[in-house]
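Geometric and topological summary
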Protein chains: 2
Amino acid sequence: MIGLGAAVVARKLATHSRLTSAAQAALGPFLGHARDFRRGALIAQAGDPPNVISIVKSGVACRMTMLPTGARQIHAILLPGDAADVEASLLARRSDSIQALSNCAIWPVPSRRLADLPRADEGLAEAFLREATVNAEIAREWIVNLGRRTADQRIAHLLCELCTRMDVMGVGKDGAYPFIFTQMDIADAQGLTAVHVNRVMKMLKARGLITLKARVLTVLDRRGLERLGLFDPTFLHQGRAAAA
Amino acid sequence: MIGLGAAVVARKLATHSRLTSAAQAALGPFLGHARDFRRGALIAQAGDPPNVISIVKSGVACRMTMLPTGARQIHAILLPGDAADVEASLLARRSDSIQALSNCAIWPVPSRRLADLPRADEGLAEAFLREATVNAEIAREWIVNLGRRTADQRIAHLLCELCTRMDVMGVGKDGAYPFIFTQMDIADAQGLTAVHVNRVMKMLKARGLITLKARVLTVLDRRGLERLGLFDPTFLHQGRAAAA
DNA sequence: CGAAAAATTGAGGGATCTCAATTAAGGTGG
DNA sequence: CCACCTTAATTGAGATCCCTCAATTTTTCG
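Reference entry: report on the structure contained in this document. (Residues numbered from 1 in each chain as written. Chains lettered and ligands numbered in written order. Predicted model: local features only at pLDDT ≥ 70, side-chain atom pairs only at ≥ 80, totals over all residues. Heavy atoms only, no water.)

Tallying secondary structure elements over chain A gives 8 helices and 11 strands in all. Here chain A has a C-alpha radius of gyration of 18 Å; the compact-globule value for 244 residues is 18 Å, and the two agree. Burial analysis of chain A (244 residues in total) assigns 56% to the buried set. Counted over contacts in chain A with a minimum sequence separation of 6, partners at least 24 positions apart contribute 73%. Taken as a whole, chain A presents about 10400 Å² of accessible surface, with 55% of it coming from carbon and sulfur. If the 31 positive side-chain charges of chain A are averaged to one point and the 22 negative ones to another, these points end up 5 Å apart. (Helix = DSSP H or I, 4+ residues; strand = E, 2+ residues; numbered from the N terminus. Rg over C-alpha atoms; globule rule 2.2 N^0.38 Å. Buried < 20%, exposed > 50% of the residue type's maximum accessible area, 1.4 Å probe, protein only. Contact = heavy atoms within 4.5 Å. Areas by Shrake-Rupley, 256 points an atom, 1.4 Å probe, with all protein chains shown as cover. Lys, Arg positive; Asp, Glu negative; His and termini not counted. Charge placed at Lys NZ, Arg CZ, Asp CG, Glu CD.)

Structure (structure tokens):
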């Protein structure tokens, strides 16, 4: 069902770009066929030539850096429909890695195919460019998060970001979202330790903001969570009203 | 002397892209004429429509976010030749601001002019795209810095980054670099307080790694500074060997 | 079902912050 | 070019947030 899978990407791109039906049709052949990865597997590694774009078909992945000390820092969470390394072909080699945070299916699209895309569908090519831009925007927000927010705020902010992104993709209902992250994943994303993440999550539950059970996150008080995390609900939507 | 000023940008772009002499010639008209800003002035503000690219002719600027709490987080330092918002025209409005950290001269280039650039010089347009990509790369490194390094390491890493970028641009000699940053600027870039930055700088001086006098930073032990900051001297050079 | 991974909890330490005061530097007007 | 005034740097003391280490329980997965 390549067609079905491609719909995920179409929906994601549609969150910030207008896609013609021609563009949607071009998407299937563009993506090709997906590859499966087990949780923890490296989808791309630092040092690799960046000649492949990774697009998530299902599951969750991340971009991250392993430090010589063994510490991991996650820079971005990749949900279904998200694309990584759209622009990377412009560099000589990749400096970070992509890792599966759950079992997942990834489309590995040769960057050459992206380079040829404008000839097939100009609008689709621009949509991918916008995708990269939105991702850069999110990266800046992460810098703010890490630099100027407390642990409570950081985690609340991350949860809000993820929920907002899932909302837009139609994932989760009634404030209940699939949540495959380990407390260590969250720690590595927010510059904390797993132990401290545990204590913060406990507090979030105690305050009646969230519930977490059987890998399902339920947001009981979205407004409260946003207030705690100083989350601006509009920041991820910017791309939506983008020109043309 | 528009031609002379444009040479700064040509040199910057040449650090990661090959520029033909035709591209260099196209640069002057592309940039137009610069505007002056005083230290502290806002060059662009959150909420503005992102229809202008800011390119630094002289002085130092930064991209930053002001939080509702009044705190500032800097996401990027813009040195002469650096371009900000190359990709931003794809969004509806900017979410961060650009601020002058010293008196500086900025070329405000209408994004429309960038959109038209491929028709004038394909290679030059690609060079600007690569510029944006390298900047995204640096942003990711900042995330690692903020998330997984101590205050000592962060500051050492930032100093190494700045020195490396100035080296490439031919700014500073014999390990002496112009340094207009306030300790609060460094704090706001690295998620620290000015007081703590002061103590770390004192330590760096005590260890014989640097000297700072009359707005001139002298790096006495570059290797030592890099080791302390876990700085990988190759990370900024990636663009250099970029394809085509 | 059993082994491995993840979550949870406690105790204690350290890095960084906050508050506050003082000194040094820089910029401006006379 | 000096005097003044504002801004930046410096230093101290005490408080906090988050980390480290370690043990235990719970959950997940093969």
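All names here are of chain A. Of note, Arg215 is a non-glycine position whose phi angle comes to about 60°, a positive value. Within the secondary structure layout, Arg215 lies in the loop between strand S10 (210–213) and strand S11 (216–219). Of the residues examined, Arg215 reaches a relative accessible area of 52% and is grouped as exposed.

Turning our eyes to something else, we now look at the pairing of strand S7 (residues 97–100) of chain B. Residue and element names in this part refer to chain B. Residues Ser97 and Gln99 point to one face of S7 and Ile98 and Ala100 to the other, with burial holding for every one of them. Pairing geometry for strand S2 (residues 42–44) and S7, over 2 bridges, is antiparallel. Bridged to Ala44 within S7 is Ile98. Relative to S7, strand S4 (residues 61–66) is paired through 4 bridges, and the arrangement is antiparallel. Following the sheet pairing, Met64 is matched in S7 by Ser97. (Pairing = 2+ DSSP bridges.)

Next up on the list: the interface of chain A and chain B. Interface size is commonly expressed as the accessible area that is lost once the parts come together. Counting residues at the interface gives 41 residues for chain A and 41 residues for chain B. Here chain A and chain B share an interface that buries about 3600 Å² over both sides, 67% of which is from carbon and sulfur atoms. The largest share of the area that chain A buries against chain B comes from Leu90(A), Ile143(A) and Arg148(A), three residues that together contribute 22% of it. On the surface where chain A and chain B come into contact, there are 4 salt bridges. Arg140(B) is the partner of Asp96(A) in a salt bridge, and the nearest nitrogen-oxygen pair spans 3.6 Å. Put simply, chain A and chain B have 12 residue pairs in polar contact (both at pLDDT 80 or more) between them. Going through the elements one at a time, strand S4 (61–66), strand S5 (72–78), helix H4 (122–148) and helix H6 (183–190) of chain A are the ones with two or more residues in the side of chain A that touches chain B. Considered class by class, the residues forming the side of chain A that touches chain B number 18 nonpolar, 10 polar and 13 charged. (Buried area = accessible area lost by both parts, 1.4 Å probe. Salt bridge = Lys/Arg side-chain N within 4 Å of Asp/Glu carboxyl O. Polar contact = N/O pair within 3.5 Å; in protein donor to acceptor, adjacent residues only side chain to side chain. Nonpolar A, V, L, I, M, F, W, Y, C, P; charged D, E, K, R; others polar.)

Of the two same-sequence chains, chain A is brought onto chain B (RMSD 0.0 Å, axial shift 0.0 Å) by a rotation of 180°. Considering both components of the superposition, the chain copies are consistent with a two-fold axis. Most of the interface of chain A is mirrored in chain B, where 100% of its interface residues again form contacts. (Least-squares fit on C-alpha atoms with pLDDT ≥ 70 in both.)

Residues and elements named next belong to chain A. Closest axis-to-axis distance for the helix H5 (residues 151–169)/helix H7 (residues 194–206) pair is 10 Å, and the angle between their directions is 70°. Here H7 runs roughly perpendicular to H5, going by the angle between their axes. Contacts between H5 and H7 pair Ala151, Asp152, Ile155 and Leu159 from the former with His196, Val197, Val200, Met201, Met203 and Leu204 from the latter. Of the residues assigned to the contact of H5 with H7, the class counts are 8 nonpolar, 1 polar and 1 charged. (Axes fitted to C-alpha atoms, helices over the stretch in contact; angles between N-to-C directions. Parallel < 35°, antiparallel > 145°, perpendicular 65-115°, else oblique.)

Near DNA strand D lie 18 residues; those nearest to it are Arg38(A), Ala151(A), His196(A), Gln183(B) and Asn198(B). Sugar and phosphate atoms form 70% of the subset of DNA strand D atoms that lie within 4 Å of the protein. Here Arg38(A) contributes a side-chain N or O atom positioned 2.8 Å from a phosphate oxygen of DNA strand D. At 3.1 Å, a side-chain N or O of Arg199(B) approaches a base nitrogen of DNA strand D. Of all the secondary-structure elements, those providing two or more residues to the surface near DNA strand D are H7 of chain A together with helix H7 (194–206) of chain B. Looking at the surface near DNA strand D, the element that brings in the most residues is H7(B), giving 5 residues. (Near = heavy atom within 4 Å.)

Another aspect to go through is the protein's contact with DNA strand C. Lining the immediate surroundings of DNA strand C are 19 residues, of which Gln183(A), Asn198(A), Ala151(B), Thr193(B) and His196(B) lie closest. By atom count, sugar and phosphate contribute 70% of the portion of DNA strand C lying within 4 Å of the protein. One nitrogen or oxygen atom from the side chain of Arg38(B) is found 3.5 Å from a phosphate oxygen belonging to DNA strand C. The side chain of His196(B) places a nitrogen or oxygen atom 3.3 Å from a phosphate oxygen of DNA strand C. Put simply, the parts of the chain that give the surface near DNA strand C at least two residues each are H7 of chain A together with H7 of chain B. Counting residues per element, the surface near DNA strand C draws most heavily on H7(A), which supplies 5 residues. Tallied by class, the residues present in the surface near DNA strand C amount to 5 nonpolar, 7 polar and 7 charged.

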